[in-house]
Amino acid sequence: MIPYEPEKIETKWQDKWEEQKIYQAIDGSKKQKFYALIEFPYPSGAGFHVGNARSWLAMDAYSRKKRMNGFNVLYPMGWDAFGLPAENYALKNKLHPSITTAQNIATFKRQIKSLGLSFDWSREINTTDPKYYKWTQWIFLKLLEKGLAYRAETSVNWCPICKTTLADEEVLADGSHERCGKPTEKRFQKQWLLKITDYAQRLLDDLNLVDYSQKIRVQQENWIGRSEGAELKFGIKGTESQINVFTTRIDTIFGASALVVAPEHKIINQLEDRIKNIDEVRGYQKKAKDKSELERTDLAKEKTGVRLEGIIAVNPFSEEEIPVFAADYIMESYGTGAIMMVPAHDNRDYGFAQKYNLPIKEVIAPYWLDSKYPPRPDKQTEKREVVTIIVRNPKDKKLLCLKWKKADWQSFPTGGVENDDPKTAARRETLEETGYKNLKFIAQIPGSTYVEFYRPHKDSNVYAHFQYLVFELENEEKIDIEKNEINNHEPVWISENEIESFINVENQLFMWRRFKTPDLIYTGYGVLIDSGKYSGLFSEDACNKMVSWLQEKNLGNATINYKMRDWIFSRQHYWGEPIPVIHCQKCGAVPVPETDLPVELPYVENYEPSGTGESPLANITDWVNTKCPQCQGEARRETDTMPNWAGSNWYFLRYLDPDNSREIAAKDKMKYWMPVDIYQGGFEHTTLHLLYSRFIYKFLYDIGVVPGPEPYAKRRSHGIVLGPDNRKMSKSFGNVVNPDDIVKKHGADTLRLYEMFIGPFDQAVSWNEDSLQGCFRFLNRVWKLFQEKVKEEETSKDILRKLHQTARKVGEDIENLKFNTMVASLMKFINEWEKSFLSKEDAELFVKIIAPLAPHLAEEAWVEILKNKFSVHQQPWPKFDEKLIIEDKVIMVIQINGKVRGQFEMDNQDSQDQAKVTDQARKHPQIIKYLEGKEASKNIFVPGKLINFVI
RNA sequence: GCUCUCGUGGUGGAAUCGGUAUACACAACAGGCUUAGAACCUGUGGUCGCAAGACCGUGUGGGUUCGAAUCCCACCGAGAGCACCA
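Treat the numbers as computed from the prediction; the structure is a model and nothing was measured.

*Asks:* Residue-level account of the overall build of chain A, with values.
*Replies:* Counting its secondary structure elements, chain A contains 29 helices and 37 strands. Within chain A, buried positions represent 54% of all 951 residues. Taking all contacts inside chain A whose residues are at least 6 apart in sequence as the whole, residues at least 24 apart take part in 71%. For chain A, the computed accessible surface area is about 44,200 Å², with 47% contributed by carbon and sulfur atoms.

*Asks:* Account for the nonpolar core, with residues named and values stated.
*Replies:* Nonpolar side chains in soluble globular proteins tend to end up buried together. Formed by 87 residues in total, the largest nonpolar core has its most connected members in Trp-56, Leu-115, Trp-767, Phe-778, Phe-786, Phe-819 and Phe-846. Counting 81 residues, the second largest nonpolar core, distinct from the first, contains Leu-141, Leu-194, Leu-601 and Val-706.

*Asks:* I'd like to hear about the confidence of the model for chain A, residue by residue, with values.
*Replies:* Residue-level pLDDT values for chain A average 78, and 78% of them are 70 or greater. A low-confidence stretch, residues 367-519 stays under pLDDT 50, and its non-local contacts, those more than four residues away or across chains, total 258 contacts. Predicted as a complex, the structure gets a pTM of 0.82 and an ipTM equal to 0.91.

*Asks:* Outline the pairing of strand 36 (residues 938-942), supporting the account with residue identities and numerical values.
*Replies:* Pairing between strand 36 and strand 37 (residues 946-950): five bridges, direction antiparallel. When the sheet's bridge partners are listed, Val-942 is paired in strand 37 with Leu-946. Here strand 36 folds back onto strand 37, and the loop between the two strands holds three residues, one of which, Gly-944, carries a positive phi near 75°.

*Asks:* Give me the lowdown on the packing of helix 22 (residues 772-788) against helix 24 (residues 819-833), citing residues and values where you can.
*Replies:* Packed helix pairs are characterised by how far apart their axes lie and by the angle those axes make with each other. As a packed pair, helix 22 and helix 24 sit with axes 11 Å apart at the nearest point and diverge in direction by 40°. In terms of axis orientation, helix 22 runs oblique to helix 24. Every pair of crossing elements has a handedness; the one defined by helix 22 and helix 24 is left-handed. Residues Gly-774, Cys-775, Phe-778, Arg-781, Val-782, Leu-785 and Phe-786 of helix 22 pack against Leu-826, Met-827, Ile-830, Asn-831 and Trp-833 of helix 24. Here the residues of the contact of helix 22 with helix 24 are counted per class, giving nine nonpolar, two polar and one charged.

*Asks:* Describe the sheet that holds strand 26 (residues 625-627), naming the residues involved and giving the relevant values.
*Replies:* Reading across the sheet, the four strands line up as 25-24-27-26 and stay open at both edges, with antiparallel pairing between neighbours. Only two strands of the sheet have a single partner each, and these edge strands are strand 25 (588-591) and strand 26. Going across the sheet, the axis of each strand differs from the next one's by a mean of 45°, ignoring polarity. Both strand 24 (residues 581-584) and strand 25 contribute to a ladder of four bridges, which runs antiparallel. The residue of strand 25 that forms the bridge with His-583 is Ala-589.

*Asks:* Can you explain the packing of aromatic side chains? Please cite residues and give values.
*Replies:* The geometry of two aromatic rings is summed up by the distance between their centres and the angle between their planes. Per the counting criterion, the structure on display carries 47 aromatic pairs. Both rings, one in Phe-786 and one in Trp-833, keep their centres 5.5 Å apart while their planes meet at 80°; by these two values the pair is edge-to-face. A residue pair is termed long-range when its members are at least 10 positions apart, and Phe-786 in helix 22 and Trp-833 in helix 24 qualify at 47 residues. Each of the two residues, Phe-786 as well as Trp-833, counts as buried.

*Asks:* Tell me about a nonpolar patch on the surface, and please be specific about residues and values.
*Replies:* Residues Leu-95, Ile-99 and Tyr-603 make up a contiguous nonpolar surface patch of about 280 Å² in total accessible area. Residue position: Leu-95 is located in the loop between helix 3 (84-93) and helix 4 (97-114). A residue is classified by how much of its surface remains accessible, and Leu-95, at 31% relative accessible area, is partly exposed.

*Asks:* Outline the environment of Lys-945, supporting the account with residue identities and numerical values.
*Replies:* Note that Lys-945 resides in the loop between strand 36 and strand 37. The class for Lys-945 is exposed, based on a relative accessible area of 56%. Considered as a pair, Lys-945 and Ile-891 are 54 residues apart in the sequence and their alpha carbons are 7.2 Å apart. Setting aside anything within four residues of it in sequence, one finds Lys-945 in contact with Ile-891, Met-892 and Val-893.

*Asks:* Account for the sheet that holds strand 35 (residues 899-907), naming residues and giving values.
*Replies:* Strand order in the open sheet made by the four strands is 35-34-37-36, with mixed pairing throughout. Pairing within the sheet leaves two strands with one partner each, and these edge strands are strand 35 and strand 36. The mean inter-strand angle of the sheet, taken between neighbouring strand axes irrespective of direction, is 20°. The pairing of strand 34 (residues 889-896) with strand 37 spans four bridges and is parallel. Residue Val-893 lies in a different strand from strand 37, and its bridge partner there is Leu-946. Helix 28 (residues 914-923) contacts strand 34, strand 35, strand 36 and strand 37 of the sheet and is inclined by roughly 65° relative to strand 37.

*Asks:* Can you break down unusual backbone geometry residue by residue, with the values?
*Replies:* Following Met-674, the chain continues to Pro-675 via a peptide bond in cis, the omega torsion being -5°. Note that Pro-675 resides in the loop between helix 18 (667-673) and strand 28 (678-682). Cis geometry marks the peptide bond from Phe-870 to Ser-871; its omega dihedral reads 5°. The topology assignment puts Ser-871 in the loop between helix 26 (855-865) and helix 27 (882-885). Although it is not a glycine, Lys-21 adopts a positive phi angle of roughly 50°. Take Lys-21: it is sitting in the loop between helix 1 (6-20) and strand 1 (33-38).

*Asks:* Kindly report on helix 24, identifying the contributing residues and their values.
*Replies:* Given 3.6 residues per helical turn, the α-helix brings residues three or four places apart onto the same face. Between its first and last C-alpha atoms helix 24 spans 21 Å; for 15 residues at 1.5 Å apiece the expected length is 21 Å, and the two agree. All of the buried residues along helix 24 are Phe-819, Asn-820, Met-822, Val-823, Ser-825, Leu-826, Met-827, Phe-829, Ile-830 and Trp-833.

*Asks:* Describe the pattern of salt bridges, naming the residues involved and giving the relevant values.
*Replies:* Scanning all chains against the criterion turns up 40 salt bridges. Two residues, Asp-740 and Arg-110, come together in a salt bridge whose shortest N-O distance is 3.1 Å. One end of the pair, Asp-740, is in helix 20 (residues 739-746); the other, Arg-110, is in helix 4, and 630 residues separate them in sequence. Since its relative accessible area comes to 17%, Asp-740 is described here as buried. We note a salt bridge from Arg-348 to Asp-346, for which the minimum N-O separation is 3.0 Å. Using a relative accessible area of 44% as the deciding quantity, one classes Arg-348 as partly exposed.

Thresholds, definitions, all that
Residues numbered from 1 in each chain as written. Chains lettered and ligands numbered in written order. Predicted model: local features only at pLDDT ≥ 70, side-chain atom pairs only at ≥ 80, totals over all residues. Heavy atoms only, no water. Helix = DSSP H or I, 4+ residues; strand = E, 2+ residues; numbered from the N terminus. Buried < 20%, exposed > 50% of the residue type's maximum accessible area, 1.4 Å probe, protein only. Contact = heavy atoms within 4.5 Å. Areas by Shrake-Rupley, 256 points an atom, 1.4 Å probe, with all protein chains shown as cover. Core = buried A, V, L, I, M, F, W, Y, C linked by side-chain atoms within 4.5 Å. pLDDT = per-residue confidence, 0-100. Pairing = 2+ DSSP bridges. Axes fitted to C-alpha atoms, helices over the stretch in contact; angles between N-to-C directions. Parallel < 35°, antiparallel > 145°, perpendicular 65-115°, else oblique. Left-handed = near helix turned anticlockwise from the far one by under 90°. Nonpolar A, V, L, I, M, F, W, Y, C, P; charged D, E, K, R; others polar. Phe/Tyr/Trp six-rings, centres within 6.5 Å; stacked < 30°, edge-to-face > 60°. Patch = residues over 30% accessible without salt bridge, like charges linked within 9 Å, V, L, I, M, F, W, Y side chains within 5 Å. Salt bridge = Lys/Arg side-chain N within 4 Å of Asp/Glu carboxyl O. Expected span 1.5 Å × (residues − 1).

Shown next as structure tokens:
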């Protein structure tokens, strides 16, 4: 037998695949296309690590299977080579970025080849190639033309170490720079911005057009952060001025005890003369401005503010007069930069109100609890003859009205303490420990599960929690509350519309009383109290009615706000695409004419950031000084460059037509290949690259360049690979695993197998080479089997069935990206194969299903051992035989009251027949003793699986 | 604080329209092969019991169900993302 020596076979086939170009995608083929995309890497100095490789390998297996399925597969690769890390690396190593980048790409390509990845290299792209970035610049010109790129003086994040401005997204939550980890500062500077906010709603809506995993979708939604609310005007007493306020909770307006504006708010300048303590206010403004990002995000920080003395706002609903504050917990950039403060129903407002001694007025009552249970030890419970509880089922929002008379409390079907059952007793004990003595009643709502009392947290409160109801409204018949002599034990469903009339009938708001003590703020929806004519309404209804009223009086309107902000598009760096704009004293910012593209990055010796806020390009006078394209006068080029996201926004289009010098890509090619069928990448790019590129693609769609509204039909993300120490693989931790070492030791196929087997593809996994052995062993065994367990005889029926079952499982698992169970099923199969043998034909089937995973071994077995024609990767994916998969014998399980008590084998056909199964099961020796002298009240039968006797 | 995800043997994990929990692999132990080691092969896998078998068992408590890792509620814990977002 020839031993398995991967180093010998792997390079041999890698060379042959390259030579024969078997992985090239064909433009405009008659075959159905399939575009599989992975995020193209930034070619870093150290080469890539096993974490990077994981998703490429997964998509490689996927692409290989799709090719075998008969698709014309495009699986391309390129280089996202612009950006800060390239520049930093080059600075450190005293080499020009273009040289180091080229070197790094060579390393990456060597590594990629050694893993046997099936990329189509004829379409390789590089974002730093002027022929490529010509089109990055072209897109910018189009954005400029449509008014989606603009310049504005903005507060930007500045990193004093890297001497550059940063996007919000590059600053971590603690205010440090994502790359260097050092604190950042705020600076004001003229910057280019892209109006991604114009696309906010479409970016949100069109998530419906694509298949993204739930996690990605939710994160994008949160990032866009749509919130619906109302904008309304508060008048300032004695002036014509008004303050615009945005709120999502207009239903709480009767509880507003102040207005709070951002320190930068324009009202301060407007009414400067009226503010009696203007010096104090100015001082506060200055202090707020000087605060670093770090201080402003400090959670433990107490809220500060300053009252605008002499300014009184008027609540348009209650006509109450309330003070106005400026505070830095209000963001100028979100909403209107002003809020109404409702301390009783907002945690931040509550903290602020306590500090400044403002009234806390509750206007929303939680409505699902009645205060009767349990009696508060610190308060006299009101005596009432009738108690009503309203419970809202959160699922379908139906409301249940329960009413019973005091006399009947003890007669509830279950639960009264009077007739303690063990569970109730235990509950009462728990309650008594918490300080509630003399408990009289623990009522169980009929049909619901039970009423549980517990201490929620911070041992401040005890409140009652009712488990939700399990009833369904069988018919929607209306119930006349007044007439209905409500049966004390029967629940009565009422619809939400009826609640208002119900309240009127009862006219008893006591039932909304709460358990909470005032130091816990209730921020949810509820029933309005102390809110004038809106009292008694539910929050949702109240919001609608209040907005209508505002519209009528022309005081406000329903509005929508987004958290997402415009995208700062300037960088003060050398290693990026120059922004194609010329600044002329006469004409202003003039776009470079399309015919002059690309604006090439000049070669320059000294490319260190200037640190003044200007890019190093500013020093190259003969490049900077130019003529204005409009007036031909003296002018200067824009010296800022684009962020590294610019080149990656649209790269997937360039793969379709990488050498096109007339357009981004030919229309027919885009029409054929787009959209990307599956886009696989890291979860960390969900709100950056993924959202940005969707925006740019939509823009290109609007100007008629691309054929559809969404670039990626399907997006999945993979879990990151952590180092053996469970930390993120990073050079600074020294836990980076280089695939080269593993390839050298065990071969590429072992690495490929292991990366898939290590754990669920979408979850984070830590690298642990213990089970790498198992994968190597597996391949050795497969190798041995091909040589020793392939015979010129027909495969036994049993093993053939298992082979076809495995083929089905492998195919399904690849489609569902469940690579770990795919490997497991292959391993399971060879455990069977070892006990038997396969015919040559069936061995070939096995080679095909293992080919996407272990392409080298499969090719060697296909060509050299089984003597077939090159290449296994161009064979059709095997069809499993439905009939062969069906087992003829099945194991039936016998349960008594749901517990497994025995099992027996029977014919698959008979196992579908309840009578036959019951009959056989009754005769089973383990079962007889259970059934003796007893009658099974019913039995549950699951065809082909089990029978359950209920005694 | 908010949003999302997750919690199963010594370990990575499998099983979710509710139906035999622990597939597959690693490690460990025992045995075989071997001068020896490596490699390879076989066996074992919660507790009690000689055994048949019984009982426990998927973070905790409760519920629904003939039957729950899976569905519902609460709690505890871990991870990720966002964060003074009105």
